[in-house]
Number of protein chains: 4
Amino acid sequence: METNRLEAFSDGVFAIAITLLVLVFLDTHINQHDVGGELVGLWPYYLAYVLTFVTIGIIWVNHHALFAYIAYADRTLLFLNIALLIPVVFLPFPTELLAKFVRTDQGTPVALLYGLTMVVMALIFNAIWHYATRRHNLLRIDVDRREVTGISRSYAAGPFIYGIATAVGLVSPETSAILYGVIAAVYVSTAAWGARA
Amino acid sequence: METNRLEAFSDGVFAIAITLLVLVFLDTHINQHDVGGELVGLWPYYLAYVLTFVTIGIIWVNHHALFAYIAYADRTLLFLNIALLIPVVFLPFPTELLAKFVRTDQGTPVALLYGLTMVVMALIFNAIWHYATRRHNLLRIDVDRREVTGISRSYAAGPFIYGIATAVGLVSPETSAILYGVIAAVYVSTAAWGARA
Amino acid sequence: METNRLEAFSDGVFAIAITLLVLVFLDTHINQHDVGGELVGLWPYYLAYVLTFVTIGIIWVNHHALFAYIAYADRTLLFLNIALLIPVVFLPFPTELLAKFVRTDQGTPVALLYGLTMVVMALIFNAIWHYATRRHNLLRIDVDRREVTGISRSYAAGPFIYGIATAVGLVSPETSAILYGVIAAVYVSTAAWGARA
Amino acid sequence: METNRLEAFSDGVFAIAITLLVLVFLDTHINQHDVGGELVGLWPYYLAYVLTFVTIGIIWVNHHALFAYIAYADRTLLFLNIALLIPVVFLPFPTELLAKFVRTDQGTPVALLYGLTMVVMALIFNAIWHYATRRHNLLRIDVDRREVTGISRSYAAGPFIYGIATAVGLVSPETSAILYGVIAAVYVSTAAWGARA
């Protein structure tokens, strides 16, 4: 089976997951007394919203980059791809919790939940790539083996980077949240820089 | 009418229904006192979420497999397809109830609701296949009759399998929920195995 | 501008609006005491859900039928199409209210809201068709003028039929709700019958 | 990379954001006593819903117009486009607040939030256009330089127009809300008129 169907379905899920992030705000209950003050007080929500928005954007860009190398999908790949979408769709929940609790004494569990979701996502990304590269008939025939090795290495780093940022949450959930932002910012700047270079 | 429009519309509905499963979590009201404990206590929600996520994934894969044989859609087929989407879109509701109540003394009605939704879905799947195969001009001209008979048999099993798992819910809703998971797991492993073989 | 973009966008909106109908259920607050009884008591919700699901399905089918005649879209047509989507996206709200209140003494306003939404939708449908047929360069060049006149007549009936069903709601909201169901059922059977004939 | 993927993803996000506007209504809690009166009292909600619906429609039309000139997307453009979607997806939140509070003494912060969201959106629109026109290899080769200059000017006006309407909110939030509506109405009439002319 060709991968366009799978890509279109995944794109749909990415687009919906990113848009459902607005629910993080619709669930806040702003009340009549000091709307301006409450809106300003929502600043961790704005940060968490932008963080996850950009993060899902990055996953989407990476998903495309990945499937630029993969020409065919068998059923295992279909289900690996569905597995990848499980943590992606879940993200609005840890995002809301991060915004709500990261600056309270309940920050550690929410920083861990956010980070673990990203670790699981990164692991499944690796599993997809590992599966596709081991079964040569799924890759495009014109793929350069050295490029494949390069991608394998950069993907392999993902779970470790997010694992470290998550572990930091045991000590300081706020630092952990900042690290999630730094990871996204570094990725975007590198990609944008790469595009300019 | 060709079926691409119908397939694109259905794919959209599958993608949205699968993504709305996150609402199961956004509706839980985690409070300030013991966030870590509450997140751990949500384990039936994680299981129910993964169960329905994979189940909708399977329905999506099956829907594609089905329409790989069907070349044209008349209006009856259009409306049968819309009928199929009715239980699919409904699934986040029984999923939430299953997560919330399956381990309480109110487990039976929620296990039944979940199972009946799947039985209805399986019956409409059969109706679509039955309708398409009886009107030969809707099938692709190169379809092998023996393959058609094979598919008819495997689809016919669906309502019975889910019917049994549902009936078990009258005695033990938890066993029923486990069976829904087993059905999905068996399907995925068989499909993945088939892909490897 | 060709119409595929407009159709894809509209299809997306139809698919999402139909899927958001599940929110009608997620907003019910089933509680611990008699889950089975409450689920049975939700029967007006199941009916309202199926009613609007099929109705949006019909609008989707009609939208396709309409744009099978229209080859090009100018900006006026783009905005008329966006206007059409306004009542479509709104539908989950009157659906929820209909389910909740139609059998209480507050049935009239909810039956009116539902019906008026349909009347507005039918009027905009006519406006789109009227605009497209008056500007011949938007229609496909091979369109049969007699077919166009036939469609104009059948579309013109829409606002009247829904208008009558709505007006009935002033006296009996339940009859009004039944009529909305009858309109949908007649449409589906005619379409399916037409497909068989 | 060609832009169709980016456009399809953005279209998905626009379609979902526009459809989620119904949540503005599903979050109102209509109660049993005077449903008719409450539905009439929701009139600021209907206006706010139509306002944002049409506004997102306009953004969608503009986004297409923009990408009719852009032939290729590099990663910077991908992320600029994701940045554009951040305020678009956010819009249901200020819409709900505008409907709820604009006529109370808490009107100013909600009018500001709505307007600032539009200003940010307009600024990113300019950034995308600025980036694409400065890197000639992203534009279509047949683009007329004078058209480009014309578009640059009309886009440059966006942040100012919304900036003024926002600033008015400091004095009169209701006037500010009316101005948001006037901006949308003028845009639609001009576009429709242009289409006729």
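Throughout, a residue's number is its position along its own chain's written sequence, starting from 1. Each chain is given a letter, starting from A, and each ligand a number, starting from 1, according to the order in which they appear as written. Local features in this predicted model are restricted to residues whose pLDDT is 70 or higher, and side-chain atom pairs enter the listing and the counts only when it is 80 or higher, whereas totals over whole chains, interfaces and linings include all residues.

(A) Fine view of the overall build of chain A. The helix and strand tally for chain A stands at nine helices and zero strands. Strands here mean DSSP runs of E at least two residues long; helices mean DSSP runs of H or I at least four residues long; both are numbered from the N terminus. Reading chain A from its N terminus to its C terminus gives the helix and strand order α-α-α-α-α-α-α-α-α. In terms of C-alpha radius of gyration, chain A reaches 18 Å, essentially the compact-globule figure of 16 Å for 197 residues. Once C-beta atoms are placed from the backbone, any two residues with those atoms within 7 Å are in contact. Taking as baseline every contact in chain A between residues at least 6 positions apart, the subset at least 24 positions apart corresponds to 80%. Atoms counted for the radius of gyration: C-alpha only. Globule rule: 2.2 Å times the number of residues to the power 0.38.

(B) Examining the interface of chain C and chain D more closely. In this assembly, 30 residues from chain C lie in contact with 28 residues from chain D. Top contributing element to the side of chain C that touches chain D by residue count: helix α5 (residues 75-90) of chain C, with eight residues. Its residues assigned to classes, the side of chain C that touches chain D comprises 20 nonpolar, five polar and five charged. Under the scheme applied, nonpolar residues are Ala, Val, Leu, Ile, Met, Phe, Trp, Tyr, Cys and Pro; charged residues are Asp, Glu, Lys and Arg; polar residues are all the others, including Gly.

(C) Representation of the relation of the copies chain C and chain D. We superpose the copies by least squares over the C-alpha atoms of residues that have a pLDDT of at least 70 in both of them. Mapping chain C onto chain D calls for a screw motion: a turn of 90° about the axis and a shift of 0.0 Å along it, with 0.0 Å RMSD after fitting. Between the two chains, the operation in question is that of a four-fold axis. Mapped onto chain D, only 7% of the interface residues of chain C are again interface residues, and the two copies thus contact each other with different surfaces.

(D) Quick peek at the packing of helix α1 (residues 4-19) of chain A against helix α5 (residues 75-90) of chain A. Residue and element names in this part refer to chain A. Note on definitions: angles span 0 to 180 degrees between N-to-C directions of axes, and those axes are lines fitted to C-alpha atoms, for helices only across the stretch in contact. Relative orientation of the contacting elements α1 and α5 amounts to 5°, with a least axis distance of 10 Å. By the angle class used here, α1 and α5 are roughly parallel. Of α5, the residues touching α1 (which contributes Leu 6, Ser 10, Val 13, Phe 14 and Ala 17) are Leu 78, Asn 81, Leu 85, Val 88 and Val 89. Of the residues contributing to the contact of α1 with α5, the split by class is eight nonpolar, two polar and no charged. In this scheme, roughly parallel covers angles under 35 degrees and roughly antiparallel covers those over 145, while 65 to 115 is roughly perpendicular and the rest are oblique.

(E) A look at the environment of Thr 55 of chain D. Considering the arrangement of structural elements, one finds Thr 55 of chain D in helix α4 (residues 43-67). Sequence separation of Thr 55 of chain D and Val 22 of chain D is 33 residues, and the distance between their C-alpha atoms is 15 Å.

(F) Broad picture of the arrangement of the chains. For the non-touching pair chain A and chain C, the nearest C-alpha separation works out to 9 Å. Taking C-alpha atoms as the reference, chain B and chain D come no closer than 9 Å and do not contact one another.

(G) Broad picture of the interface of chain B and chain A. Contact residues are listed per partner, giving 28 residues for chain B and 30 residues for chain A. Among the elements of the structure, α1 (4-19), α2 (23-26), α3 (35-41), α4 (43-67) and α9 (173-196) of chain B are those that each provide at least two residues to the side of chain B that touches chain A. Take the side of chain B that touches chain A: its biggest share by element is seven residues, from α4 of chain B. Counted by class, the side of chain B that touches chain A contains 19 nonpolar, seven polar and two charged residues.

(H) Main features of α5 of chain A. Across its 16 residues, α5 of chain A extends 23 Å between first and last C-alpha, which sits within 8% of the 22 Å expected from 1.5 Å per residue. Once C-beta atoms are placed from the backbone, each residue is buried if 20 or more other C-beta atoms lie within 10 Å of its own, exposed if 12 or fewer, and partly exposed for counts between those two. The element α5 of chain A is extensively covered by neighbouring structure, given that 15 of its 16 residues are classed as buried. To estimate the expected span of a helix, subtract one from its residue number and multiply by 1.5 Å.

(I) A look at the packing of α5 of chain C against α4 of chain D. Following both chains from N to C, one finds α5 of chain C and α4 of chain D inclined at 140°, their axes separated by 10 Å at the closest point. Taken together, the axis directions place α5 of chain C and α4 of chain D in an arrangement best described as oblique. The hand of the α5 of chain C/α4 of chain D crossing is right-handed. Of the residues in α4 of chain D, those in contact with Arg 75, Leu 78, Phe 79, Ile 82 and Ile 86 of chain C of α5 of chain C are Val 50, Phe 53, Val 54, Gly 57 and Val 61 of chain D. The residue makeup of the contact of α5 of chain C with α4 of chain D, split by class, is eight nonpolar, one polar and one charged. Left-handed is the label given to a crossing in which the near helix is rotated counterclockwise from the far helix by less than a right angle, and right-handed is the label when the rotation is clockwise.

(J) Up close: the confidence of the model for chain A. Residues and elements named next belong to chain A. You can read pLDDT as the predictor saying how much it trusts each residue, on a scale of 0 to 100. In this model, chain A carries a mean pLDDT of 90, and residues with pLDDT of at least 70 account for 96%. When pLDDT is averaged over each element of chain A, helix α6 (residues 92-101) comes out on top at 95 and helix α9 (residues 173-196) at the bottom at 84. Scored as a whole, the predicted complex attains pTM 0.93, and scored at its interfaces, ipTM 0.91.

(K) Representation of the nonpolar core in the model. Val 88 of chain A, Val 88 of chain B, Val 88 of chain C together with Val 88 of chain D are the most contacted members of the largest nonpolar core, which has 270 residues in total. Ignoring any residue separated from it by four or fewer positions in sequence, one finds Val 88 of chain B in contact with Val 13, Phe 14, Ala 17, Ile 56, Ile 59 and Met 121 of chain B. To form a nonpolar core, buried Ala, Val, Leu, Ile, Met, Phe, Trp, Tyr and Cys residues must be joined through C-beta atoms within 7 Å.

(L) Region of interest: the environment of Leu 116 of chain B. Its place among the elements puts Leu 116 of chain B in helix α7 (residues 107-134). Residues Leu 116 of chain B and Pro 94 of chain B, 22 residues apart in the sequence, show an inter-C-alpha distance of 9.8 Å.

(M) Here's a closer look at the environment of Gln 32 of chain B. Here Gln 32 of chain B is to be found in the loop between α2 and α3. Among all residues touching Gln 32 of chain B, those that are not within four sequence positions of it are Thr 104 and Gln 106 of chain A.

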